[in-house]
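An overview of the molecular structure
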Amino acid sequence: MFDFTPDTDLPDTERYRQLADAAVALTDGEDDPVANMANLAALMAEFLPRLNWAGFYRVIGNELVLGPFIGRPACIRIPMGQGVCGTAAASGETQLVADVHAFPGHIACDAASASELVVPVTRDGEVIAVIDLDSPDNNRFGQEDAAGIEKLASAIADRI
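Because the structure is predicted, anything quoted here is derived from the model rather than measured.

Glancing now at the pattern of salt bridges. Taken as a whole and judged by the stated rule, the model has 7 salt bridges. Of the charged contacts, one joins Arg140 and Asp145 as a salt bridge, the two residues approaching to 3.4 Å between their closest N and O atoms. One network of salt bridges, in which partners are shared, links Glu14, Arg17 and Asp21.

Before going further, it helps to examine the nonpolar core. Residues Leu19, Met44, Val121, Ile131, Leu133, Ile149 and Ile160 are the most contacted members of the largest nonpolar core, which totals 28 residues. When residues no more than four places from it in sequence are discounted, the contact partners of Val121 are Glu126, Val127, Ile128, Ala129, Val130, Ile131, Ala153, Ile156, Ala157 and Ile160. Counting residues in hydrophobic clusters, the runner-up holds 16 residues, among them Val84, Ala88, Phe103 and Val118.

Right, let's get into the sheet that holds strand S6 (residues 126–135). Whenever strands of a sheet pair, they do so through backbone hydrogen bonds, lying parallel or antiparallel. In space, the 6 strands of this open sheet follow the order S3-S2-S1-S6-S5-S4, with antiparallel pairing throughout. In this open sheet, the two strands that pair with only one neighbour each are strand S3 (77–79) and strand S4 (95–97). Neighbouring strand axes in the sheet, compared pairwise and without regard to direction, differ in orientation by 25 degrees on average. Relative to strand S2 (residues 63–71), strand S1 (residues 53–60) runs antiparallel, the two sharing 7 bridges. Each residue of the ladder has a partner; that of Ala54, found in S2, is Ile70. Taken strand by strand, helix H2 (residues 33–47) contacts S1, S2 and S6, and its axis lies near 150 degrees from that of S1.

A few words on the pairing of S2. Counting the residues between successive antiparallel strands, the hairpin from S1 to S2 contains 2 residues, one of them, Gly61, with a positive phi of roughly 65 degrees. Bridging between S2 and S3 involves 3 bridges; their strand directions are antiparallel. Looking at S3, one finds that Val65 is bridged to Arg77. Where S2 hands over to S3, the hairpin turn is made up of 5 residues, counted between the paired strands.

About the thresholds
Position labels on residues start from 1 in each chain and follow its written sequence. Where totals are concerned, whole chains, interfaces and linings use all residues; where local detail is concerned, this predicted model gives features only for residues with pLDDT of at least 70, and gives and counts side-chain atom pairs only at 80 or more. Note that the side-chain values use all heavy atoms of the structure and ignore hydrogens as well as water. The term salt bridge refers to a side-chain nitrogen of Lys or Arg lying within 4 Å of a carboxyl oxygen of Asp or Glu. The definition of a nonpolar core used throughout is a set of buried Ala, Val, Leu, Ile, Met, Phe, Trp, Tyr and Cys residues joined through side-chain atoms within 4.5 Å. Only protein chains enter the accessibility calculation, which uses a 1.4 Å probe; a residue whose area is less than 20% of its type maximum is buried, one above 50% is exposed, and one in between is partly exposed. Should any heavy atoms of two residues lie within 4.5 Å, those residues are counted as being in contact. Paired strands, in this sense, are two strands between which DSSP finds at least two bridges. Only runs of H or I of at least four residues qualify as helices and only runs of E of at least two qualify as strands under DSSP, and these elements are numbered from the N terminus. In this analysis an axis means a line fitted to C-alpha atoms, helices contributing only their contacting stretch, and an angle means the value between N-to-C directions, from 0 to 180 degrees.

The structure is reproduced here in structure tokens:
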């Protein structure tokens, strides 16, 4: 049994270090990417406060396809380059959006989402997925969050 209950009083840098360590431990020895993404979505929801959605979109062909997540039902397919997730996947760059309603072309899957952090997951120089985090709070995510999820993406890229 796994018990990855984070200390709620941790500084962000330590929270993200523990999240990455837990992700590596949880996925160790498991080669099924869907099972790993499902557990990782649950782990992010457990570790990160003030989220209303945490999960993955997988790159399949020329679009993103919904992967495992925690939250309300979501858009199933997103064209590359569209919305926050499609922009992150097409550019290979983290998207840190303080107010999703101000993001040109934002795709609203959940009207409750106010801010978003999307981090590409790359393997062998190719984007294979994105980690998508949504919050009902404006300005929920900052540079420490982006750096922490980027480290997580790097740590689990060969497991999803």
